[in-house]
Amino acid sequence: MHPQLSDKRITCREFIQALDACHTSNWKRLTGGCNEEKMALNKCLRKEAKRRRKTEQAWKELHADD
C-alpha cells in the first residue's frame, strides 16, 4: 500500500485495499487483471479531490472579506 495513502483517514480505503489484494497475484497484476479495481480507485480519488476543491473554495470565499 502506498504510505501516503495508508497513513490517512481516506474515504477510498476499501478501493485501495481491493487493489492491493488484487496485486498479490502477480499474474493478474501483469496481465491487466486488476484494471477494474484501479479504475474504481481512480474514480473514487477524483471524486474525493473534487469534493476537497469545493470545500477549499468555499473556505476561501468565506474568508475573502477578512
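Residues numbered from 1 in each chain as written. Predicted model: local features only at pLDDT ≥ 70, side-chain atom pairs only at ≥ 80, totals over all residues. Heavy atoms only, no water.

## Section: the overall build of the chain
Helix and strand content of the chain: 4 helices and 0 strands. Listing the helices and strands of the chain from first to last along the sequence gives α-α-α-α. Per-residue burial over the chain gives 15% buried out of 66 residues. Summed over all atoms, the accessible surface of the chain reaches about 5700 Å², with 54% contributed by carbon and sulfur. (Helix = DSSP H or I, 4+ residues; strand = E, 2+ residues; numbered from the N terminus. Buried < 20%, exposed > 50% of the residue type's maximum accessible area, 1.4 Å probe, protein only. Areas by Shrake-Rupley, 256 points an atom, 1.4 Å probe, with all protein chains shown as cover.)

## Brief notes about the pattern of salt bridges
Counted under the stated rule, the structure contains 2 salt bridges. We note a salt bridge from E48 to R52, for which the minimum N-O separation is 3.2 Å. Linking E48 with R52, this pair stays in helix α4 (residues 35-62), spanning 4 residues, or about one helical turn. Classification of R52 as partly exposed rests on a relative accessible area of 41%. Through salt bridges with shared partners, a single ionic network connects E48, R51 and R52. (Salt bridge = Lys/Arg side-chain N within 4 Å of Asp/Glu carboxyl O.)

## Brief notes about the state of the cysteines
Taken as a whole and judged by the stated rule, the model has 2 disulfides. Put simply, C12 and C44 are joined by a disulfide, and their sulfur atoms are 1.9 Å apart. One quick way to see it: the torsion about the S-S bond of C12 and C44 is about -95°, and its sign makes the bridge left-handed. One end of the pair, C12, is in the loop between α1 (3-6) and α2 (13-23); the other, C44, is in helix α4, with 32 residues separating them in the sequence. Paired by a disulfide, C22 and C34 hold their sulfur atoms 2.0 Å apart. (Disulfide = S-S within 2.5 Å.)

## A short note on the nonpolar core
In summary, soluble globular proteins display a tendency toward joint burial of nonpolar side chains. Judged by nonpolar contacts, I10, C12, I16, L19, C22, C34, L41 and C44 together constitute the single largest core of 8 residues. Mapped onto this core, the elements with two or more residues apiece are α2 and α4. Here this core gets 3 residues from one element, more than from any other, and that element is α2. Apart from residues no more than four positions distant in its own chain, C44 is found in contact with T11, C12 and F15. (Core = buried A, V, L, I, M, F, W, Y, C linked by side-chain atoms within 4.5 Å. Contact = heavy atoms within 4.5 Å.)

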